[in-house]
Structures are given as structure tokens and as C-alpha cells.
Amino acid sequence: MLKTLWAAAFLCYYAINGFAVTKCFPRSSPIVSANKHSKARWSSPVESVDEESKSDESVASVENPDESSVQEVAMEISDKSSHDSSGNGEDEASEDSGPEKISQTILALLGLASSTGRGEFAAAFQKEKAGEWIKILENASPTPEPTNSALSQGTWELVYSDTQLFRSSPFFMAGRAVCSTPEEAEQYDWFCDMHRGALAISQIGAVRQVVSEDRLISEFEVKAGAVPFLSDFTPFAYSGGWPVTIEGAIVSSADITPTGYGWEIYMDSVEIKGSNLPGLRQILDAGLKLQSRPLSKVLEDNVDSYSVPKPIFKTTYLSETLRVSRDQDGKVFVYTKTSDSTEPKDYSSVLSDLGVTKLLGGFNDAVTKIYI
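Residues numbered from 1 in each chain as written. Predicted model: local features only at pLDDT ≥ 70, side-chain atom pairs only at ≥ 80, totals over all residues. Heavy atoms only, no water.

Please clarify how the side chain of Thr147 should be interpreted in this entry.
As for its placement among the helices and strands, Thr147 is situated in the loop between α8 (124-138) and β1 (154-161). In contact with Thr147, not counting residues within four places along its chain, are Ser152, Pro258, Thr259, Gly260, Tyr261, Gly262, Trp263 and Thr315. (Helix = DSSP H or I, 4+ residues; strand = E, 2+ residues; numbered from the N terminus. Contact = heavy atoms within 4.5 Å.)

Got a minute to help me understand the packing of helix α7 (residues 99-115) against α8 in this structure?
The geometry of a pair of packed helices is captured by two quantities: the angle between their axes and the separation between those axes. At a minimum axis separation of 10 Å, α7 and α8 run at an interaxial angle of 150 degrees. With respect to each other, α7 and α8 are oriented roughly antiparallel. The way α7 lies across α8 gives a crossing that is left-handed. Taken together, the residues of α8 that come into contact with α7 (itself represented by Lys101, Ile102, Thr105, Ile106, Ala108, Leu109 and Leu112) are Gln126, Ala130, Trp133, Ile134, Ile136 and Leu137. Here the contact of α7 with α8 is composed, by residue class, of 10 nonpolar, 2 polar and 1 charged. (Axes fitted to C-alpha atoms, helices over the stretch in contact; angles between N-to-C directions. Parallel < 35°, antiparallel > 145°, perpendicular 65-115°, else oblique. Left-handed = near helix turned anticlockwise from the far one by under 90°. Nonpolar A, V, L, I, M, F, W, Y, C, P; charged D, E, K, R; others polar.)

Any chance you could explain the packing of aromatic side chains here in plain terms?
Given two aromatic rings, their pairing is described by the distance between the two centres and the angle made by the two planes. Evaluation of the coordinates by the stated rule reveals 4 aromatic pairs. On the numbers, 5.4 Å between centres and 85 degrees between planes, the contact of Phe171 with Phe172 is edge-to-face. You'll find Phe171 and Phe172 in the same group, each marked buried. Pairing Tyr188 with Phe191 gives two aromatic rings, centres 6.0 Å apart and planes at 35 degrees, and the pair type is tilted. Of this pair, Tyr188 and Phe191 both sit in helix α10 (residues 182-198), 3 residues apart, roughly one helical turn. Judged by relative accessible area, which is 6%, Tyr188 ranks as buried. Ring-pair connections join several aromatic residues into one group, and the members of that group are Phe166, Phe171 and Phe172. Arg323 extends its terminal NZ or CZ atom over the ring of Trp156, reaching a point 5.3 Å from the ring centre. Directly above the ring of Tyr335 sits Arg323, whose terminal nitrogen or CZ lies 4.1 Å from the centroid. (Phe/Tyr/Trp six-rings, centres within 6.5 Å; stacked < 30°, edge-to-face > 60°. Buried < 20%, exposed > 50% of the residue type's maximum accessible area, 1.4 Å probe, protein only. Lys NZ or Arg CZ within 6 Å of the ring centre and 35° of its normal.)

How should the pattern of salt bridges be read in this particular structure?
A side chain with one charge may pair with a side chain of the opposite charge, provided their charged atoms come close. This structure, assessed with the given rule, holds 19 salt bridges. One salt bridge in this structure joins Lys331 and Asp189, with 3.9 Å as the shortest N-O distance. With Lys331 in the loop between β8 (322-326) and β9 (332-339) and Asp189 in helix α10, this pair connects stretches of sequence that are 142 residues apart. Of the charged contacts in the structure, one is a salt bridge between Arg293 and Asp268, with a shortest N-O distance of 3.9 Å. One end of the pair, Arg293, is in helix α12 (residues 292-302); the other, Asp268, is in strand β5 (residues 262-273), and 25 residues separate them in sequence. Residue classification places Arg293 among the partly exposed residues on the basis of a relative accessible area of 24%. (Salt bridge = Lys/Arg side-chain N within 4 Å of Asp/Glu carboxyl O.)

What's the story with unusual backbone geometry in this structure? I'm lost.
The bulk of non-glycine residues show a negative phi, and the bulk of peptide bonds are trans. Not every positive phi belongs to a glycine, and Glu145 is a case in point at roughly 45 degrees. A positive phi is found at Lys369, a non-glycine position, where the angle reads about 55 degrees. With respect to the element layout, Lys369 can be found in the segment after α13 (356-368).

Before we go on, may I ask you to explain the confidence of the model for the protein in this structure?
For any part of a model where pLDDT is low, the fine detail of the predicted coordinates should not be relied upon. In the predicted model, the protein carries a mean pLDDT of 78, and 69% of its residues have values of at least 70. Across residues 14-65, where pLDDT falls below 50, the model places 81 contacts with residues more than four positions away in sequence or in other chains. Counting contacts from residues 80-94, a segment whose pLDDT is below 50, to residues more than four positions away or on other chains yields 9 contacts. (pLDDT = per-residue confidence, 0-100.)

Help me understand the state of the cysteines in this model?
Each disulfide consists of a covalent bond between the sulfur atoms of two cysteine residues. On inspection of all chains with the given rule, the structure shows 0 disulfides. The thiol sulfur of Cys179 is not disulfide-bonded, and the nearest other cysteine sulfur, from Cys192, lies at 8.8 Å. Assessed through its relative accessible area of 0%, Cys192 is described here as buried. (Disulfide = S-S within 2.5 Å.)

How do you make sense of the pairing of strand β4 (residues 245-258) when you look at a structure like this?
Looking along a regular strand, one sees the side chains alternate between the two faces of the sheet. Across 11 bridges, the pairing between strand β3 (residues 215-225) and β4 is antiparallel. What sits directly across from Glu221, in β4, is Ala249. As defined by bridge partners, β4 adjoins β5 across 10 bridges and the pair is classed as antiparallel. Within β5, the residue paired with Val251 across the bridge is Glu271. Where β4 folds back on β5, the antiparallel hairpin that results is connected by 3 residues, among which Gly260 adopts a positive phi of roughly 105 degrees. (Pairing = 2+ DSSP bridges.)

So what exactly am I meant to see when it comes to the environment of Glu132 here?
In this structure, Glu132 sits in helix α8. You can call Glu132 partly exposed: its relative accessible area is 35%. Residues Glu132 and Leu109 lie 23 residues apart in sequence; the distance between their C-alpha atoms is 9.6 Å.

Help me out: how do you make sense of the packing of helix α9 (residues 170-178) against α10 in this one?
The interhelical angle for the contact between α9 and α10, taken along N-to-C directions, is 150 degrees, at an axis separation of 9 Å. Considering their axes alone, α9 and α10 lie roughly antiparallel with respect to each other. For the pair α9 and α10, contact is made by Phe171, Phe172, Gly175, Arg176 and Val178 and by Glu184, Ala185, Tyr188, Phe191, Cys192 and His195, respectively. For the contact of α9 with α10, the class distribution of residues is 7 nonpolar, 2 polar and 2 charged.

What follows is the structure, given as C-alpha cells:
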């Protein structure tokens, strides 16, 4: 019964955030076809990249990452460490974890994150090297009891993870916390792999956490092509589509209780904000959302062994600009602070027009140049 009810919760999750994307184009649509080269189509939060201008050579370099570039950075940090350790006494310990080495480590980590789509397309050796750099940072965290610090509050953007980006959402952390055995945890990992496969037709945009004193809000922005290739419906060989996209943000909210080195998460709700789908936008804005707490109440009332999942989301490194967090399995999430604001993003200005207004405005600016 427990698994059945949680399965129902995930079905509801898909119902409110997956329908608009999966129903709007067939598997042979342009964005599905483009996914064959998805390793070259990530959107980096560190540096904006014009994907359309990439050459075949640059695509190949992403699909076949150059191990030597990562090794060179690693050797540079290693050489620096060796040089620092040639000193004596307190100077040796100070230099080994000093500001310069930490800065170099952060730059190396962010560089790798940028070149691998926040870690999504990282090769095994790249994830291993990133893990080594993250451990260097964790061993030199400048903030004691980080989740009790005001530095932890604000808007944080995910720049690297060694797992699926959406697992930074409290919804998925709560789902993992329901698993009580290694076998169930392995099954949950498989489910997350399948969920990422379902998102293959979409482009993941910004992934944020907005943290206040007692609240964590996860914003996961996605977009997908709304108009399939003409060849799907016509006998013409032309394979182009229209530059019109479905956009929206999956917003998960939870209460948090600081424990000093982490947050205890009490999942609340999931909703879609900023959808540009006409009709659906009005329904979503009217308050349609997945409420997890009524489900938990049903389980508590009917399953003796059930307790509300409240996973601990640890913070292992915290500075004014960078945060490293780990879930209950040790999966890592690296964030950069974009502002001190604890208010979620306002999506009310997003028009529910599939982006047609922006498309026509751009066409006018570039071609017709008709102004009133």
C-alpha cells in the first residue's frame, strides 16, 4: 500500500508538469531528434553559450571530452600543493589550505562544471576529479554550523552535480527518504534515471534553491520545442521546425529546520509556474498543485510502519558565494549565490503565448523593421 500511494503521488507529479511537454509533439519531433546529440546541447548556468553557432568540431569536443585539459588543471593544483608543502611548521598547514589554493580549486571546479553541462555530461574521470576538488573545499569550509548561518539564506543557482539535477528538489529528496532498504534505494535511482530520460525532449534551464530561515523553494526551469518537424506531417524532406517553445518552471516547496550542518526537510507542495501554454496557464495560476502533506496524513492513518519522510540535506561547505550540499546518499550539489533575496522568482510577466509575441518582435526588429 505504501508503494502504491507514493506511486500515485508521482503520477500526480507527472500529471501537472509532464503532460504539457509530452503531448505537444511526437517522438520524431526536432527536439527529440536533437537529443541524439544532447551532450552538445546543455545550457550552462556559468556561461551563456549560443548553441546554434557551435561548429561540428566544438560539438565533437563536448561529446568526447578532452581528459588532458582536466588533468592539466589538476596537476597545476597538485603542483601548487606540493610547492606549498615544502615550507615548515605552521606555514605548511596554512599554505596547503590557504585562500590561494581554495580559489584555484573553485575555479577548476567551476570550469569543469561549465564544460560538462553542470556535470550532466561529465565522463567518469571528470566526476572523480570534481569529487577530489569538492573534498578539498569541504575540508576547508570557512563557516561553522553553516545552516545556522545567515550566509546560507538567499538565492542559490545549481552549477554542478554528480547526479540528476532535479534531485536537488525537496520532492525527490522526500521520495528517496521513503525508501527504507538498499534495494528500494536502488529502485528509486532507476526511477530517477527513467525520469531524466523523460526529460530528454526538453532543455533544462536554471535550477535554483531559494532559502529563507524556515523555507526552501526549488525552481527547476525547462523548455521544449512546441512545433515538430514539418516532415512529421508532410511528404517534404525539409526537416526544419518552428522556433516556438513550451516553457515553465517546476516549483517545489518545503519547510526546513536547521540542524547546524544540514536542513531537515518537510515536503509541502509542487506546482508549475510561468507556463506559456495558453489555457493551461490559467488553470495552473488558479491554484492547481500537488499537495504532499494530505498524502502523508493518509499514510500515517493507515500504515503503522509509515512515518513522514524528513530527509536531511547537508551543507558541507559554505562561503559568501559558494555552497556545497549533499543528500542522504552523499550525492553532491554545488551552488553559487546569485543574490541575498529569499523571495521566489515572479513568473507573472511570462506571457501564455508559446513565445509567439517574442518571436514576432524579433522578426520585426531583424527583418521588417516596422515601428509605430
